[in-house]
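Fold and contact review
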Amino acid sequence: MRIDVVSIFPEYLQALDISLIGKARREGLLDVRVHDLREHTHDRHRTVDDTPYGGGAGMVMKPEPWAAALGSIAGTTAATGTGTPATTVEHDGGARPLLLVPSPAGEVFTQAMAQELSTREHLVFACGRYEGIDERVYDFAAEHYEVRPVSLGDYVLNGGEVAVLAMVEAIGRLVPGVVGNPASLVEESHSDGLLEYPVYTKPASWEGREVPEVLLNGNHGKIARTRRLWQLERTAARRPDLIRALDPATLNRHDRDALWHAGFMIEDGRIIDKPADPAGE
């Protein structure tokens with residue numbers, strides 16, 4: 001997989017040189033290239049922003065540097081600001097790269113999206129700053145890319161770099177060979193729509209706190225059932241929205257009992273909050 005990142009702070013992305021992502025880069029599993037947007041400016045101040053039309057606070061990132069940077073990555077000759085149209089050159093492999101733009105106005109990034117993106121051959125990330133990127137850049141980019149604004153959640157960051165670090169790690173670890181033990185990717189938060197169960201290691205007794213007995217008896221069937229119960233209980237307490245999004249058809253009798261005790265019930269094929277004092281309770 002090839003990943004390109006465009007930023008005015010390329011040094012921010014140095015974290016991609018360490019840990020599993022850095023190891024995957026060194027082994028050739030991930031081809032990560034970081035580009036300085038200011039290298040595509042043409043004035044002595046290397047200007048990448050200007051005041052917004054229509055007024056308002058803050059600055060907006062200019063279209064010309066972005067057109068040059070994205071055009072270069074996509075294998076195109078970008079417009080230079082003189083009105084000359086871009087000339088498209090076929091991208092390696094024939095498929096258009098996917099441009100991901102971190103933005104609080106984008107669709108929410110999820111584990112399912114990370115799984116989907118991990119199968120792509122070429123991802124490009126555009127790290128916006130200030131009040132964002134001139135909207136016309138999205139239109140320009142759509143000529144050469146599939147464009148998707150993406151948000152980490154309902155909050156605002158100073159720029160896209162933090163979001164890109166998170167997304168590259170979430171996506172990259174799903175690329176075959178990046179994580180040493182692929183089985184570790186199966187039983188983790190959001191892999192099945194639930195949060196991960198609690199985990200423990202040695203010693204069995206620490207500071208007066210004991211590892212749950214069920215994990216020590218070697219009964220793997222009971223361990224699996226208990227861990228599933230813990231997942232449902234933890235998800236119900238911390239992320240009830242995920243519980244409501246579950247497909248009731250995937251739940252067995254033990255799951256349904258656990259959800260009942262956690263405050264949920266199944267009605268008309270959906271999972272809903274149980275009334276505070278249901279009849280017969």
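Before reading further, recall that the structure is shown in the block above.
Described below are features of the structure shown in this document. (Residues numbered from 1 in each chain as written. Predicted model: local features only at pLDDT ≥ 70, side-chain atom pairs only at ≥ 80, totals over all residues. Heavy atoms only, no water.)

1. Here we look at helix α8 (residues 253–261)
Within the sequence span of α8, burial applies to Asp255, Ala258 and Leu259. One face of α8 carries all of its buried residues, which in axial projection span an arc of 95 degrees. Across α8 from its buried face, at more than 90 degrees, point the exposed residues Arg253 and His261. Tucked inside the fold, the buried residues of α8 contact α6 (220–238), α7 (240–244), β12 (264–267) and β13 (270–273). Between a side-chain oxygen at the N-terminus of α8 and the backbone nitrogen of His254 the separation is 3.0 Å; the capping residue is Asn252. Just downstream of α8, Gly263 is the residue with a positive phi angle, here 105 degrees. (Buried < 20%, exposed > 50% of the residue type's maximum accessible area, 1.4 Å probe, protein only. Helix = DSSP H or I, 4+ residues; strand = E, 2+ residues; numbered from the N terminus. Arc of directions from axis to C-beta. Contact = heavy atoms within 4.5 Å. Polar contact = N/O pair within 3.5 Å; in protein donor to acceptor, adjacent residues only side chain to side chain.)

2. Here we look at the layout of surface pockets
As a volume, the largest pocket reaches approximately 480 Å³. As for the largest pocket, its lining consists of 26 residues, and the residues nearest its centre are Pro102, Ser103, Pro104, Gly132 and Leu157. Broken down by secondary-structure element, the contributors of at least two residues to the lining of the largest pocket are β7 (98–108) and β9 (146–151). Top element by residues in the lining of the largest pocket is β7. It accounts for 6 residues. (1 Å grid on protein atoms, 1.4 Å probe; cavity = no way out; pocket = protein on both sides within 12 Å on 5 of 7 lines; lining within 4 Å. Points joined across faces, edges and corners; volume = space filled by probe spheres on them.)

3. Details of empty space enclosed by the protein
According to the stated counting rule, one finds 1 cavity of 30 Å³ or more in the structure shown. A volume near 40 Å³ is recorded for the largest cavity. As for the largest cavity, its lining consists of Trp66, Leu70, Leu99, Val101, Ala126, Ile133, Val137, Tyr138 and Ala141. Among the secondary structure elements, those contributing two or more residues to the lining of the largest cavity are α2 (63–73), β7 and α4 (136–141).

4. A look at the side chain of Gln231
If you trace the backbone, Gln231 turns up in helix α6. Judged by its relative accessible area of 9%, Gln231 is buried. A polar atom in the side chain of Gln231 sits 3.4 Å from the side chain of Asp192. At 3.1 Å, the side chain of Gln231 and the backbone oxygen of Leu195 are in polar contact. The residues touching Gln231, leaving out its near neighbours within four places in the chain, are Asp192, Leu194, Leu195, Glu196 and Tyr197.

5. Digging into the sheet that holds strand β8 (residues 122–126)
Read from one edge of the open sheet, 5 strands run β2-β1-β8-β7-β9, paired in parallel fashion. Whereas interior strands pair on both sides, the edge strands pair on one side only; in this sheet they are β2 (31–36) and β9. If you compare each strand with its neighbour and ignore which way they point, the axes differ by 30 degrees on average. Two strands pair when backbone bridges link them, and β7 and β9 are joined in this way by 7 bridges, in the parallel orientation. Note that in β9 the partner of Val101 across the bridge is Pro149. The sheet strands contacting α2 are β1 (2–7), β2, β7 and β8, and the helix crosses β1 at an angle near 165 degrees. (Pairing = 2+ DSSP bridges. Axes fitted to C-alpha atoms, helices over the stretch in contact; angles between N-to-C directions.)

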